[in-house]
Amino acid sequence: MAEFTENCGLLSPTAGEKAGEEDGKTQREVSVSNGDCGGLSADVVGSAGADRQGLEAATPSVVLDPKSGIPRRTSIIKDGSRQRKERKKTVSFSSMPTEKKISSASDCINAMVDGSELRKVRSNSRVYHRYFLLDADMQSLRWEPSKKESDKAKIDVKSIKEVRTGKNTDTFRTNGIYDQISEDCAFSVIYGETYESLDLVANTADVANIWVTGLRYLISYGKLTLNMIESSQNSLRSSWLGDLFDEDDVSGNKSLSLCAAVQLIKKLNPGLKNVKIELKLKELHKAKDKMGCDVTKEEFIEVYHDLCTRPEIYFLLVQFSSNKEFLDSKDLMIFLEAEQGMAQVSEETSLEVIKQYEPSKEGQLKGCLSLDGFTNYLMSNDCHIFDPEQKTVCQDMNQPISHYYINSSHNTYLIEDQFRGPSDITGYIRALKMGCRSVELDVWDGPDNEPVIYTGHTMTSHIVFRSVIDIINKYAFVASEFPLILCLENHCSLKQQRVMFQHLKKILGDKIHSDPPRPEDNYLPSPNDLKGKILLKGKKLPNTCNSSEGEVTDEDEGAEMSQHMSIDGGEQQTVAQPKKFQLSKDLSDLVTLCKSIQFKDFPTAFQNQKHWELCSFNEVFASRCTTDYPGEFVNYNKKFLTRVYPSPMRIDSSNMNPQDFWKCGCQIVAMNYQTPGLMMDLNIGWFRQNGNCGYVLRPAIMREQVSYFSANTKDSVPGVSPQLLHIKIISGQNFPKPKGSGAKGDVVDPYVYVEIHGIPADCAEQRTKTVNQNGDNPLFDESFEFQINLPELAMVRFVVLDDDYIGDEFIGQYTIPFECLQPGFRHIPLQSLTGELLPHAWLFVHVAITNRRGGGKPHKRGLSVRKGKRNREYATMRILLIKALDEVFKTATQPLREATDLRENMQNAIVSFKELCGLSAVANLKQCILALSSRLLGADNNPVVLFNLKDQYPIVEAQGLLPEVLKKVVTAYETMIQTSRTLLENSESVYERILQVQKAAMEFHENLHDMAVKEGLKGRKLHKSVESFTWNITILKGQADLLKHARAEVLENLKQVHYAALTCNLAKGGPSATPSTGSDSRPRRSLEAIPEKAVGEEDISDEEEN
């Protein structure tokens, strides 16, 4: 059995195998490449295994500065809240400057003729290093060395049925080294009448793409491949660029000056540097021994092709274009539906996209999208990673205001540090324009009877209160119409309090919410109820006060900070007693829904606190609550507003991690807006959703009156279905040098971190390898998978860093809520440390989100983790030791089992069907039908199977005798449809039974404590009983929701099968049933997938390797 060393190097399985390697070729040059397409020797592969993408298991850990031995800290994490893991410098050769990029099918064919070293994967974890090459006549795929005769160590191209990407054959799935094989470097060749599979792993994803693309061309066009390539190569691009060249050639000399040619290419691709374009043109002239600087049309087109072709987009285009150099309207329709998730796309939709993004007139007239048009589309707002629905207010804004996270600022008037920094009204303008809905005013007596704002007991400068209120009046509702909270820290004398009142009433007028709270209400009004209103948070006199002023306790965060400053300076600490001060009744009456009170403990708050009263928590105390009382804190925040402000130790205006408090439901987490970095990235990214209105609805489990949620859980959340996030980092564009870097030159060695921020169970990060000396168009091609246990609170952060840095490594970042991710191929705009967009700097990624399937390692998901009813895990009810309630919850056992069986049977059947289609769990059913479409066509190009779409459940009808492999697919499809039908027909009754149990149990909720006492429960047992009740209710709600979602999933799957059958002309009734016409029904080789033969029918025994 093959073994892996610590650095993932492969050890030879046997001495004989090693000898076989030594006798054969171990190294060979590749003239046309895009990455390290050239074969590496077995020795090189073994020793540098950690630097490869093909077989890997690299885990980052702490890296020490070579001089000081101190862990390096990145500028993106100002407060060091995350310890930087070791970033072992790794190398990718994807874009070495001396190599030619792969940008056409002919490049792929040439590279295959030259050959590449690939790893051949067999069953029982056997892996063999072989050198694969295409015969010059393009008729056979050969490999060497081999124990077989040379004429047998080959596969005829004519016998190849399909080329499948990823680890999607039984050999890969059941292999013991599955985890160490990169999904992006693996591919399989399905060949022969018995559908044998040749399973291969390339050194890089680029090499895999070359072989997949080249073989698919050969399958489609056979001997005519080169003729086809020559006849169609870039004709749309050439005609378009020729027209542009002629327009600029005003003199009619059939040439442009060097400067004009540079400017024209720069206009077409603004991200390119002038010097790079000029250098490329001069190199071309030098290679041709050409005198002078004028650029001909052919030279212009050649340089544009060299500089502006993105290989990763070319490979993608070829995959969906049935191996053409362009996408027709039907190709594009399939891409939009299957990959980008667009629903009910018509051919007219495709033509609109072509009209909008295709630059060539010829392409627009013919309805074709060229490589340049496809690139334009993928880089447009239509392919932005952020869901456009979230760019407007899309959440329910009628919940109590305590059910929302509120975008909040701390000491808004400060624009630098907390102790000596200047105060400025621009702090309020910036915060309000960014959608902030809670700003702070620290008001003190000022000269000339005018109150001023600054941090008391510090050296911060002063600004006049009136000018701040003027600014707030002007900008309060520019970014959002929802209520603005003014956190008023009042330290003024009664005389200047009257001035404050006059300014507030005169300037803000009716905008101030003045209606007193209604005692009969249990919750605060909703954001919709308070639209256009300003709420004052501050101290309030008791209702019994009839005089013009009264005494209240002071709130003084500045004194708290000043005290800490004194302690740091060596002075003795004194415990500051709460001060009393006189409060004007007029000012007191302006405070209605946000009365400031002091927090004592949770039991006292639950018993005495009114819903309109608000407590402010110091960051340190709030952190203690999240650790010691996570459940109580969540329940407290269901009804009451909580404000958390930074520790007074943060004199440098650094920020706390808002996620630490959001996970407990804290609504107002005050941030220092003037300090960029990770924490502000999270805050800005989080409130980008819901139209950036400053209010984000909290997860349902944090709002429901009875629900069990522990903020510090490191496991799945009861009642919430985990999601799997699949992210592939494909490439980058135009990465700048880090601003603070001391390194010379503009060259960067970029790598990408993907971070997940959320509850502790979700926090994770993964990184790509480093691409050496290429910030212009680095290719990463690395895939990651994350389990998200509480999707509603999760965020994804993409960070691009420079591995070759001096002083600063931060290049750019983008942070997005999980719920705002758009699936498919997406471009991500990068932002600077201070939040500005970096010009033309992008990440290109693929995103897919699936339901959690199975458990454990990836290769154990799917078939191998399908559990029969005997081993299946069912949701269970906890015992309360309260007889009446235990009897009620006991009745939930059977419907919970039935609900689980309905879901699991349906999902297992779908997994089986996907695997037989040769696709991974990431695929949807539309992609499955598209993948099978060419195999479902017989020799006469007529379908051997049709879908009868008359019924709600699409039925497969064979049009003759089916081969064995198709029978298996049909059987799996019928099982999938049957389990889906069973779920739809039975889910409603099971759902109702679960809800009935929940309703019956909730009738005991108000008397739960008394019932427990009657049963003799007290102390810890009483607390446990109440907690178990909450747990059971949460489980019942969650399981009912899961069943409801499963029902919706089935309906969506049936819809996908329906539309895919129409798109592929597989609907009974012929092409007339197709919603769009005009494209031929030729086999779609690019998407086809053939089910390989069953495990156990291996053509070659494990003892013989060819």
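Cut-offs applied
- Every chain is numbered on its own, with residues counted from 1 as its sequence reads.
- In keeping with the model being predicted, local features are shown solely for residues with a pLDDT of at least 70 and side-chain atom pairs are shown and tallied solely at 80 or more, while totals for entire chains, interfaces and linings include all residues.
- Processing note: side-chain calculations cover all non-hydrogen atoms of the structure and skip hydrogens and water entirely.
- The score called pLDDT rates the predictor's confidence residue by residue, from a low of 0 to a high of 100.
- When checking whether two residues touch, look at their non-hydrogen atoms; a contact exists if any pair is within 4.5 Å.
- Each helix corresponds to a stretch of at least 4 residues labelled H or I by DSSP, and each strand to a stretch of at least 2 residues labelled E; elements are numbered beginning at the N terminus.
- Expected span, for any helix, means 1.5 Å times one less than how many residues it has.
- Only protein chains enter the accessibility calculation, which uses a 1.4 Å probe; a residue is then buried when its area is under 20% of its type maximum, exposed when over 50%, and partly exposed in between.
- It is the directions from the helix axis to the C-beta atoms that the arc portrays.
- A pair of strands is labelled paired if DSSP reports no fewer than 2 bridges between them.
- Axis geometry follows a simple rule: fit a line to the C-alpha atoms, using only the stretch in contact for helices, then measure angles between N-to-C directions, giving values from 0 to 180 degrees.
- Centres within 6.5 Å are what make two rings of Phe, Tyr or Trp a pair, Trp counting through its six-membered ring; a difference in plane orientation under 30 degrees is then read as stacked, over 60 as edge-to-face, and the rest as tilted.
- We count a charge as sitting over a ring when the NZ of a lysine or the CZ of an arginine lies within 6 Å of the ring centre and within 35 degrees of the ring normal.

S.K.: With reference to specific residues and values, describe the confidence of the model for the protein chain.
M.R.: Averaged over all residues, the pLDDT of the protein chain is 82; the fraction at 70 or higher stands at 82%. Counting interchain partners and residues more than four positions distant, the pLDDT-below-50 stretch residues 853–867 has 36 contacts. Counted against residues more than four places away or in other chains, residues 1071–1104, with its pLDDT under 50, gives 100 contacts.

S.K.: Kindly report on helix α9 (residues 274–287), identifying the contributing residues and their values.
M.R.: The first and last C-alpha atoms of α9 sit 20 Å apart over 14 residues, in line with the 20 Å expected at 1.5 Å per residue. Along α9, the residues that are buried comprise Ile 277, Leu 281, Leu 284 and His 285. End-on, the buried residues of α9 take up no more than an arc of 100°, which puts them together on one face. Every exposed residue of α9 that faces more than 90 degrees away from the buried side is listed here: Val 275, Lys 286 and Ala 287. In this structure, the buried side of α9 is in contact with α8 (258–268), β11 (295–296) and α10 (297–308). One or two positions beyond α9, positive phi appears at Asp 289, with a value near 55°.

S.K.: Outline the sheet that holds strand β4 (residues 127–134), supporting the account with residue identities and numerical values.
M.R.: Read from one edge to the other, the open sheet built from 7 strands follows the order β6-β5-β4-β3-β9-β8-β7, with strand pairing classed as antiparallel. Only two strands of the sheet have a single partner each, and these edge strands are β6 (154–156) and β7 (160–165). The sheet shows a mean angle of 30° between the axes of neighbouring strands, direction not considered. Note: strand β3 (residues 116–121) against strand β9 (residues 196–201), 3 bridges, orientation antiparallel. Within β9, the residue paired with Lys 120 across the bridge is Leu 200. Packing against the sheet, helix α5 (residues 205–221) makes contact with β3, β4, β5 (140–144), β7 and β8 (186–191), and its axis sits at approximately 155° to β7.

S.K.: Give a description of the environment of Ser 710 that names residues and reports values.
M.R.: Secondary-structure assignment places Ser 710 in the loop between β26 (695–697) and β27 (723–733). Given the relative accessible area of 24%, Ser 710 is considered partly exposed. For the pair Ser 710 and Pro 630, spaced 80 residues apart in sequence, the C-alpha to C-alpha distance is 5.7 Å.

S.K.: Would you mind going over the packing of aromatic side chains in detail, with residue names and values included?
M.R.: If you walk through the whole model with that rule in mind, you get 34 aromatic pairs. Summarising the aromatic geometry, the rings of Phe 320 and Phe 335 are spaced 5.1 Å apart at their centres and angled 80° between planes, so their arrangement reads as edge-to-face. Linking Phe 320 in helix α11 (residues 311–320) with Phe 335 in helix α12 (residues 329–338), this pair joins segments that are 15 residues apart in sequence. Look at Phe 320 and you get buried, because its relative accessible area is 3%. Here a set of aromatic residues connected by ring pairs shows up, and it is made of Phe 599, Phe 602, Phe 606, Phe 617, Phe 621, Tyr 629, Phe 633, Tyr 636 and Phe 640. Positioned over the ring face of Phe 844 is Arg 310, at 5.3 Å from the centre of the ring. One cation-aromatic arrangement involves Arg 878 over Tyr 708; the distance from NZ or CZ to the ring centre is 5.7 Å.

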